[in-house]
Amino acid sequence: MLLLTSVVAITSCETDFDNPNAATDDQVFSSREGILAATIGMQQLYSTTGLRWIVETPAITAREGGITTTFQNMIELEDGGDIPNSNSNVVGLWSTMLRVVGIAEDIAENAANVDIDAGTQSGLIAYAKLYQAMSIGALAQSYEQVIVATSEDNPPFVSRTEGFNTAITLLTEAKTAIAANPISGEFQSEILRGDIDLANTIDAMLARFNLYAGNYEAAISAASAVDQTSASVFTYDSQNLNPIWSRVYQNSAPNFKPRDNFGLPDSFTFDANDGRFDFYLIPLDTINQNQLPIEDLAGFFDGDTESIPVYLPDEMNLIIAEANLRKSTPDTGAAVTALNEVLTDTDDVFGVNANVAAYAGDTTVDALLDEVYKNRRAELFLTGSSLEDSRRFGRPQPSPTVQNFDEERNRNFYPYPNTERDNNTNTPADPSI
């Protein structure tokens, strides 16, 4: 427990006072016990605090959820427009992801210096690079420019596309590491614990970030390599609660509830028997304080210790469909085939089954892109992808000056936190909207 606590202390702000009883950086990362504890701490930080910000923040901005609280940070998110740089969601998402990046850098850098099995070492390096990549990718979905390394003062910012490509490089290095030295039984039992399929998770993230970066053939290749019968999940217990359940159910005054129709306007219609409605949503027939129709939440979020998938298998089919439509010579036939894998699904490993008829609509590229977008919002509900998707699919721009709760999103990107601006002279100007 001392080592796990030290991991957080090591990566916290420079104004922290030294604790003479805490393990030093060298002590944490120079022993088997220390580096394994640091890795568990990195996973815990990402899957609890980190996942809260990753899911909740864009959910409010892109209208997946409607607020049900008087907390100012949530009011600011739902209002949109000129969000303060001190907004706790904006600050929390940024700072938590950079904390994970910093821990991951230390693990990957020090694993080679610890006397451990080669397969444990490769597992540590690959796992650290996976979390570093996922954290950078999360930042690049929400901010115009991002930081990809924390090892220097005043770290430079890079474009979000470069952020995605950095994540891809890290994932490729992770894949190479475990190909050269397959992960050990020790790493499986101590870190993965039967919850994470590391190889498939790396391929899934390669597919995701290659799509976001516009590398369409690479996205198709990586998505096709993922075994869709495999499952990777973040697990929770009484001390580390499901972070979305905590925000929706834990208090008598929850922070937000899901919106009708997965937050999509009425122009997007679904088959009335689409199984994803019953999976994710519980009819409530009410509105929030801003007259937004809201429902109760089910799916992966209605239990305090319920597991949350690291990724959903059908995301791979939706990536294959979209990438085939966006590549230089679109393949609408391949896109429809992949889309139908989602629509007609009855045996998803997590039970997210649309179980409706195959696609029979317009097969132009634009029409199919609309269908892919609609199904991403339903299939990947509350996974943190909604804001990225809304921009990428060219949904209507938000107004910078007029408050309109019917807008599909109320920001394009978030402002940079004041905590970064006050300490990093490289911080860019905030986006206007």
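Cut-offs and rules
- Here, residues in each chain are numbered from 1, in the same order as that chain's written sequence.
- A pLDDT threshold of at least 70 governs which residues receive local features in this predicted model, and a stricter bar of 80 or more applies before side-chain atom pairs are shown or counted, although totals over entire chains, interfaces and linings include all residues.
- As a rule here, side-chain values cover all heavy atoms of the structure and leave hydrogens and water aside.
- Counting from the N terminus, the helices are the DSSP runs of H or I reaching at least four residues and the strands are the DSSP runs of E reaching at least two.
- For this measure, only C-alpha atoms enter the radius of gyration; the expected value for a globule follows 2.2 Å times N^0.38, where N is the number of residues.
- To sort residues, take the accessible area from a 1.4 Å probe on protein chains only and compare it with the maximum for the residue type: under 20% means buried, over 50% means exposed, and anything in between is partly exposed.
- Note on contacts: a residue pair qualifies if any of its non-hydrogen atoms lie within 4.5 Å across the two residues.
- Working definition of accessibility: Shrake-Rupley area with a 1.4 Å probe, residue cover restricted to the visible protein chains.
- Counted charges follow a simple rule, with Lys and Arg positive, Asp and Glu negative, and His plus the chain ends left uncounted.
- In plain terms, the charge of a residue is placed at NZ if it is Lys, CZ if Arg, CG if Asp and CD if Glu.
- Strand pairing is assigned whenever DSSP detects at least two bridges linking the two strands.
- Take the buried residues of types Ala, Val, Leu, Ile, Met, Phe, Trp, Tyr and Cys, join any two whose side-chain atoms come within 4.5 Å, and each joined set is a nonpolar core.
- By convention, a stacked pair of Phe, Tyr or Trp rings (six-membered ring in the case of Trp) has centres within 6.5 Å and planes under 30 degrees apart, an edge-to-face pair has planes over 60 apart, and any other such pair is tilted.
- Think of it as a cone above the ring: NZ of Lys or CZ of Arg counts as a charge over the ring if it is within 6 Å of the ring centre and within 35 degrees of the ring normal.
- Between the N-to-C directions of two axes lies an angle of 0 to 180 degrees, each axis being a line fitted to C-alpha atoms and, for a helix, fitted only over the stretch in contact.
- For classification purposes, angles smaller than 35 degrees are called roughly parallel, those larger than 145 roughly antiparallel, those between 65 and 115 roughly perpendicular, and all remaining angles oblique.
- Take the far helix as your reference; a near helix turned counterclockwise from it by less than a right angle gives a left-handed crossing, and one turned clockwise gives a right-handed crossing.
- We call Asp, Glu, Lys and Arg charged. Ala, Val, Leu, Ile, Met, Phe, Trp, Tyr, Cys and Pro are nonpolar, and the rest, Gly among them, are polar.
- One speaks of a salt bridge when a side-chain nitrogen belonging to Lys or Arg is within 4 Å of a carboxyl oxygen belonging to Asp or Glu.

1. So, the overall build of the protein chain
Scanning the protein chain from N- to C-terminus turns up 17 helices and 8 strands. For the protein chain, the C-alpha radius of gyration of 21 Å lies close to 22 Å, the compact-globule estimate for 433 residues. The buried share of the protein chain, reckoned over its 433 residues, is 58%. For the protein chain, long-range pairs separated by at least 24 residues make up 71% of all intrachain contacts whose partners lie at least 6 apart in sequence. Here the protein chain has roughly 17100 Å² of accessible surface; of this, 47% comes from carbon and sulfur atoms. Here the protein chain contributes 24 positively and 62 negatively charged side chains, and the mean placements of these two sets differ by 5 Å.

2. Regarding the pairing of strand β6 (residues 281-287)
One ladder, built from 4 bridges, connects β6 with strand β7 (residues 293-297); its direction is antiparallel. Counted as the bridge partner of Ile287 is Pro293 from β7. Hairpin connection from β6 to β7: 5 residues lie between these consecutive antiparallel strands, with Gln291 at a positive phi of about 65°.

3. Regarding the nonpolar core
For soluble globular proteins, nonpolar side chains are generally found buried alongside one another. Counting 129 residues, the largest nonpolar core has Tyr127 and Tyr280 as the members making the most contacts within it. The leading source of residues in this core is helix α6 (residues 118-140), at 13 residues. With sequence-adjacent residues up to four places away left out, Tyr127 is seen in contact with Thr39, Met42, Gln43, Phe187, Ile191, Leu192, Ile196 and Leu198.

4. Overview of the packing of aromatic side chains
As enumerated under the stated definition, the model contains 26 aromatic pairs in all. Every member of this aromatic cluster is reached through a ring pair, and the members are Phe262, Phe270, Phe277, Phe279, Tyr280, Phe300, Phe301, Phe350 and Phe381. The aromatic ring of Phe393 is capped on one face by Arg326, whose charged end is 4.7 Å from the ring centroid. Over the face of the ring belonging to Phe270 we find Lys374, whose NZ or CZ atom lies 5.0 Å from the ring centre.

5. A short note on the packing of helix α3 (residues 32-61) against α6
Between α3 and α6, whose axes approach to 11 Å, the crossing angle comes to 20°. As the angle between them shows, α3 and α6 are arranged roughly parallel. For the crossing formed where α3 meets α6, the hand is left-handed. Packed against α3, whose contacting residues are Ile35, Leu36, Thr39, Met42, Gln43, Tyr46 and Ile54, the element α6 presents Thr120, Leu124, Tyr127, Ala128, Tyr131, Met134, Ser135 and Ala138 at the interface. Of the residues assigned to the contact of α3 with α6, the class counts are 11 nonpolar, 4 polar and no charged.

6. Describing the pattern of salt bridges
Tallied over the full model, the rule gives 22 salt bridges. With its nearest N and O atoms 2.5 Å apart, the salt bridge here joins Arg32 to Glu186. With Arg32 in helix α3 and Glu186 in helix α8 (residues 185-192), this pair connects stretches of sequence that are 154 residues apart. Using a relative accessible area of 27% as the deciding quantity, one classes Arg32 as partly exposed. We note a salt bridge from Arg376 to Asp389, for which the minimum N-O separation is 2.7 Å. Here Arg376 is found in helix α15 (residues 365-379), whereas its partner Asp389 is found in helix α16 (residues 386-392), with 13 residues between them in sequence. Given a relative accessible area of 0%, Asp389 falls into the buried group. Because the salt bridges share partners, they merge into one network encompassing Arg160, Glu322, Arg326, Arg376, Glu388, Asp389, Arg391 and Arg392.

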